[in-house]
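Survey of secondary and tertiary structure
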Amino acid sequence: MKRLCAPAALLGASLLLSACAPSLAPLYRDYDTPASDTLLAIAVSGAVEPPGEPSGMAPDGGAVARTVPERIVAALNEAGWDTTATELPHAIATKERVLGNWGMYRITVYMEVTPLGRDHVRIYIHPFRKYIFGRASKIQYLTRPIRSRFMPELDEAFAKYGLKPAGTPFERDDTVLR
């Protein structure tokens, strides 16, 4: 009887502790651009109506004629992210933004958005804890509270400009397995 109690107690404790584990996500997010005929159908239906041109961009033939980098910049501006210059030739970087203040530190985030080919976009998210003493430390994953502060607006803005959220590899793998 004693032999069965120890493994059962260990199994019960591990199940109890695993229920308390946070929901983690990687530090990037993928978006797919639909085919050009899908974008044309969206534009004809009036679903894509740009609110205005981002700073530094001249008006062109509308949302359908925009290149992927121009649509990325417009979506970032609509979601409240200001873009800045970057050393990477094909990336679009955002300025740092404070997501929360926790007393001893504040959580700041900046992003780099990179078009990968003609139909795929990846956002690299860089969250940091900036302590009041001047030190900063990189956050190694995105928790649900951090994601909820900026991802819904970003997903909505990117979808408005024809960039459909593809999710994380975990989400894509999960949907394939079901």
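All of these numbers come straight from a predicted model, not from anything done at the bench. (Residues numbered from 1 in each chain as written. Predicted model: local features only at pLDDT ≥ 70, side-chain atom pairs only at ≥ 80, totals over all residues. Heavy atoms only, no water.)

**Some details on the pattern of salt bridges**
Test applied: By definition here, a salt bridge exists when the distance from a side-chain nitrogen of Lys or Arg to a carboxyl oxygen of Asp or Glu is within 4 Å. Helix numbering and strand numbering both begin at the N terminus, where a helix is a DSSP run of H or I of at least 4 residues and a strand a DSSP run of E of at least 2. Partly exposed describes any residue whose relative accessible area lies between the buried limit of under 20% and the exposed limit of over 50%, with all areas from a 1.4 Å probe on protein chains only and scaled to the type maximum.
Counting across every chain of the model gives 4 salt bridges. Across the salt bridge formed by D155 and R29, the nearest N and O atoms sit 3.5 Å from each other. Of this pair, D155 sits in helix α5 (residues 151-160) while R29 is found in strand β2 (residues 28-32), placing the two residues 126 residues apart along the sequence. In this structure, K130 and E96 form a salt bridge, with 3.0 Å as the shortest nitrogen-oxygen distance. Linking K130 in strand β7 (residues 120-131) with E96 in the loop between β4 (92-94) and β5 (97-101), this pair joins segments that are 34 residues apart in sequence. Assessed through its relative accessible area of 24%, K130 is described here as partly exposed. For E96, a relative accessible area of 42% gives the class partly exposed.

**Quick word on the packing of aromatic side chains**
Applied cut-off: We call Phe, Tyr and Trp rings a pair once their centres come within 6.5 Å, taking the six-membered ring for Trp, and we label the pair stacked below 30 degrees between planes, edge-to-face above 60, and tilted otherwise. Any Lys NZ or Arg CZ that is within 6 Å of a ring centre and within 35 degrees of that ring's normal is treated as a charge sitting over the ring.
The final tally for this structure, using the stated rule, is 4 aromatic pairs. A centroid spacing of 5.9 Å and a plane angle of 75 degrees characterise the contact between W81 and F150, whose relative ring orientation is edge-to-face. With W81 in the loop between α3 (68-78) and β3 (83-84) and F150 in the loop between α4 (144-148) and α5, the pair connects residues that are 69 residues apart, well separated along the chain. In this pair, the class of W81 matches that of F150, namely buried. When the ring of Y110 is compared with that of F128, the centres are 6.2 Å apart and the planes differ by 10 degrees; the resulting orientation is stacked. In this pair, Y110 sits in strand β6 (residues 105-115) while F128 sits in strand β7, placing the two residues 18 residues apart along the sequence. On the basis of relative accessible area, Y110 is assigned to the partly exposed category, the value being 24%. Seen from the ring of Y105, R129 lies directly overhead, with NZ or CZ sitting 5.6 Å from the centre.

**Observations concerning the environment of P127**
Put simply, the rule reads: Every residue pair with non-hydrogen atoms within 4.5 Å of one another is taken to be in contact.
With respect to the secondary-structure elements, P127 resides in strand β7. Residue class for P127 comes out buried when judged on its relative accessible area of 0%. Along the primary structure P127 and Q140 are separated by 13 residues, whereas in three dimensions their C-alpha atoms are 7.9 Å apart. Look past the residues within four positions of P127 in its chain and what remains in contact with it is L27, T108, V109, S137, K138, I139 and L142.

Interpretation in functional terms is not warranted from these geometric data alone.
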